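# Topology and contacts: notes
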Amino acid sequence: MYAIVEIAGQQFKVSKDQKVFVHRLTGAEGDKVSFDKVLLLEDNGTVTLGAPAIEGASVEAKVLQHVKGDKVIVFKKKRRKGYKKKNGHRQALTQIIIEGIVASGAPKKAAAPKAKATAKKGDDLKKIEGIGPKAAEVLVAAGVDTYAKLAGTSADKVKEILDVAEAKVQHLDPTTWAQQAQLAADGKWDELQKLQDELNGGKAV
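Just so you know, these numbers come straight off a predicted model, no measurement behind them.

Let us now look at the side chain of Thr 94. Tracing the backbone through its elements, the reader meets Thr 94 in strand E10 (residues 92–102). Side chain to side chain, Thr 94 and His 66 meet in a polar contact 2.9 Å long. When sequence neighbours within four positions are dropped, the list of residues in contact with Thr 94 reads Val 20, Phe 21, Val 22, His 23, Arg 24, Leu 25, Val 63, Gln 65 and His 66.

As structure tokens, then:
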């Protein structure tokens, strides 16, 4: 079993009882440390990927010693400027031993799709011959926003709604709207088209 874990900004592939040199940690020698940014786990051929980290998984370790890395020479020179500078650097490191890999976490599940709003949007009343955008707005504002509701509303009631509207829709004749709406509500679009071909602006010829 092994894991890929991020420790002090670096990624390491680690397994139990492995000794690793990492950037200097703040803990004292002998302290227990835990790293929970586990990016990948492999257990008997089963690979678990994080997104980016695996929830609940961690790598447990113990600080063995604080040391310094090998000296690195940094030499700078500028041509024809008489500038030379030589510096040495030894990186501060901490040696840790991996005591265990906790794989109690599981891959993060994909977020469940948001439930769709239960409220159904109103039907497109403009598909009814004789109803334009303004008339459709007036009907929807009055609560008649589906084909079924329009089919169940008498022509006289619809006429009352149109007469009191601020929009200029009082001239419209809703005589056939309920009949058309019933066909639309029943999904009988071919019959609706045939009926509309016989109408003139929503009025029976």
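Here we come to the pattern of salt bridges. Per the stated rule, a full pass over the model turns up six salt bridges. Between Asp 17 and Lys 16 there is a salt bridge, with its nearest N and O atoms 3.6 Å apart. What makes Lys 16 exposed here is its relative accessible area of 53%. In this structure, Lys 32 and Glu 99 form a salt bridge, with 2.9 Å as the shortest nitrogen-oxygen distance. Of this pair, Lys 32 sits in strand E4 (residues 32–35) while Glu 99 sits in strand E10, placing them 67 residues apart in sequence. Judged by relative accessible area, which is 58%, Lys 32 ranks as exposed.

The biggest cluster of nonpolar side chains holds 24 residues, and the ones touching the most others in it are Ile 128, Ile 131, Leu 139, Leu 150 and Trp 177. Counting only elements with at least two residues in this core, the list comes to helix H1 (133–141), helix H2 (147–151), helix H3 (155–163), helix H4 (177–185) and helix H5 (189–197). In this structure, Leu 139 is in contact with Leu 125, Ile 131, Val 144, Leu 150, Val 158, Ile 161 and Trp 177, ignoring residues within four places of it in sequence. In this structure, Ala 3, Ile 7, Leu 41 and Ala 61 belong to the second largest nonpolar core, which totals 20 residues.

As a further point, take the packing of H4 against H5. The geometry of H4 relative to H5 is characterised by a closest axis approach of 8 Å and an angle of 155 degrees between their N-to-C directions. What the angle tells us is that H4 and H5 run roughly antiparallel. For the pair H4 and H5, the sense of crossing is left-handed. Taken together, the residues of H5 that come into contact with H4 (itself represented by Gln 179, Gln 180, Leu 183 and Ala 184) are Trp 189, Glu 191, Leu 192, Leu 195 and Gln 196.

With that settled, consider H4. What H4 keeps buried is the set Trp 177, Gln 180, Ala 181, Leu 183 and Ala 184. Along the axis of H4, the buried residues cluster in a sector spanning 160 degrees; they form a single face. Gly 187 sits one or two residues past H4 and shows a positive phi near 75 degrees.

What follows covers the packing of aromatic side chains. Summed over all chains, the structure comprises one aromatic pair. With centroids separated by 5.9 Å and ring planes inclined at 75 degrees, the aromatic side chains of Tyr 147 and Trp 189 adopt a geometry described as edge-to-face. Here Tyr 147, found in helix H2, pairs with Trp 189, found in helix H5; they are 42 residues apart in sequence, far enough to count as distant. Accessibility expressed as a relative area gives 6% for Tyr 147, which makes it buried. In this structure Trp 189 comes out as partly exposed when scored by relative accessible area, which is 38%. Over the ring of Tyr 83 we find Lys 78, and its NZ or CZ is 5.1 Å from the ring centre.

Before going further, it helps to spend a moment on the confidence of the model for the chain. Predicted confidence across the chain gives a mean pLDDT of 87, with 88% of residues reaching 70 or more. Note on residues 105–112: pLDDT is under 50 here. Beyond four places in sequence and across chains, it has 11 contacts. A low-confidence stretch, residues 115–119 stays under pLDDT 50, and its non-local contacts, those more than four residues away or across chains, total zero contacts.

A word on the environment of Ile 54. With respect to the element layout, Ile 54 can be found in the loop between strand E6 (46–49) and strand E7 (58–68). Of the residues examined, Ile 54 reaches a relative accessible area of 2% and is grouped as buried. Sequence spacing of Ile 54 and Leu 39 is 15 residues, and the spatial spacing of their C-alpha atoms is 6.1 Å.

Rules and cut-offs
Residues numbered from 1 in each chain as written. Predicted model: local features only at pLDDT ≥ 70, side-chain atom pairs only at ≥ 80, totals over all residues. Heavy atoms only, no water. Helix = DSSP H or I, 4+ residues; strand = E, 2+ residues; numbered from the N terminus. Polar contact = N/O pair within 3.5 Å; in protein donor to acceptor, adjacent residues only side chain to side chain. Contact = heavy atoms within 4.5 Å. Salt bridge = Lys/Arg side-chain N within 4 Å of Asp/Glu carboxyl O. Buried < 20%, exposed > 50% of the residue type's maximum accessible area, 1.4 Å probe, protein only. Core = buried A, V, L, I, M, F, W, Y, C linked by side-chain atoms within 4.5 Å. Axes fitted to C-alpha atoms, helices over the stretch in contact; angles between N-to-C directions. Parallel < 35°, antiparallel > 145°, perpendicular 65-115°, else oblique. Left-handed = near helix turned anticlockwise from the far one by under 90°. Arc of directions from axis to C-beta. Phe/Tyr/Trp six-rings, centres within 6.5 Å; stacked < 30°, edge-to-face > 60°. Lys NZ or Arg CZ within 6 Å of the ring centre and 35° of its normal. pLDDT = per-residue confidence, 0-100.

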